Amino acid sequence: MTRILFVCLGNICRSPTAEGIFTEKAKRAGLSHLTIDSAGTASWHAGKPPYGPMQAACELRGYDLSYLRARQFTTQDYENFDLILVMDQSNFDDVENLRPEGRNTPVKLFLDYAEGTNLTDVPDPYYTRDFDQTIDLVELASENLVKQLSEN
Ligand code: 4NP
């Protein structure tokens, strides 16, 4: 069993997109034994579905995000997951600041898996309004992560 958590700031744009797309790609690859979830470092949108324009862009690309609901990241997530994948450096710092003593759960930038792009952060589409860029980057990183998990 591998438990993977995607984290961004609001949990209404980038990390639910990552959860939805990675879940779909893992399913298509026949990967079972995965637990997949997402969370935001901020609590603002807890209980809300993904941001409307983000959902609409995903829908056009064949991904349904409507079943997802936002929640805030907690220190408990360090125990409940085996791998925490963050969308940008500021998420990385926020998540690392909550690391319980003695917990060595890896926290990585999701774009570490996105070979062929020189970006390290997934730009926040809530501000850039480039929802397709989010989907492109998330698809690329998800495909590489699925490939890596399929080989292990
Ligand atoms: P996310 O984008 O971190 O990709 O979910 C954001 C969504 C909402 C806000 C900021 C970022 N906000 O300020 O409400």
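A brief look at the structure comes next. Source: prediction; values computed, not measured.

### Concerning the site of the ligand
Here is step 1: Residues in close proximity to the ligand include Cys8, Leu9, Gly10, Asn11, Ile12, Cys13, Arg14, Trp44, His45, Asp124, Tyr126 and Tyr127, which together make up its full environment.
Here is step 2: One of the backbone N or O atoms of Cys13 is found 2.9 Å from an oxygen atom in the ligand.
Here is step 3: Arg14 has a polar side-chain atom sitting 2.8 Å from an oxygen atom of the ligand.
Here is step 4: Partitioning the shell around the ligand into residue classes produces seven nonpolar, three polar and two charged.

### Points about the pairing of strand 3 (residues 83-86)
The side chains of a regular strand alternate between both faces of the sheet.
Here is step 1: Of the two faces of strand 3, the one holding Leu83 and Leu85 and the one holding Ile84 and Val86 are both buried throughout.
Here is step 2: As paired strands, strand 1 (residues 2-8) and strand 3 are joined by four bridges and run parallel to one another. Its bridge partner lying in strand 3, Val7 is registered against Val86.
Here is step 3: Taking the sense of rotation as the criterion, the β-α-β connection linking strand 3, helix 4 (residues 89-96) and strand 4 (residues 107-109) turns out right-handed.

### Details of the nonpolar core
Here is step 1: Formed by 35 residues in total, the largest nonpolar core has its most connected members in Ile4, Phe6, Phe22, Leu34, Leu85, Phe110 and Leu145.
Here is step 2: Those elements that provide at least two residues to this core are strand 1, helix 1 (14-28), strand 2 (34-40), helix 2 (52-60), strand 3 and helix 6 (131-151).
Here is step 3: When residues in this core are grouped by element, the largest group, eight residues, is from helix 6.
Here is step 4: Membership of the second largest hydrophobic core comes to 11 residues, among which are Val7, Phe73, Val86 and Val107.

Cut-offs and rules
- Residues numbered from 1 in each chain as written.
- Predicted model: local features only at pLDDT ≥ 70, side-chain atom pairs only at ≥ 80, totals over all residues.
- Heavy atoms only, no water.
- Near = heavy atom within 4 Å.
- Polar contact = N/O pair within 3.5 Å; in protein donor to acceptor, adjacent residues only side chain to side chain.
- Nonpolar A, V, L, I, M, F, W, Y, C, P; charged D, E, K, R; others polar.
- Buried < 20%, exposed > 50% of the residue type's maximum accessible area, 1.4 Å probe, protein only.
- Helix = DSSP H or I, 4+ residues; strand = E, 2+ residues; numbered from the N terminus.
- Pairing = 2+ DSSP bridges.
- Right-handed = clockwise from strand over helix to strand, strands pointing away.
- Core = buried A, V, L, I, M, F, W, Y, C linked by side-chain atoms within 4.5 Å.

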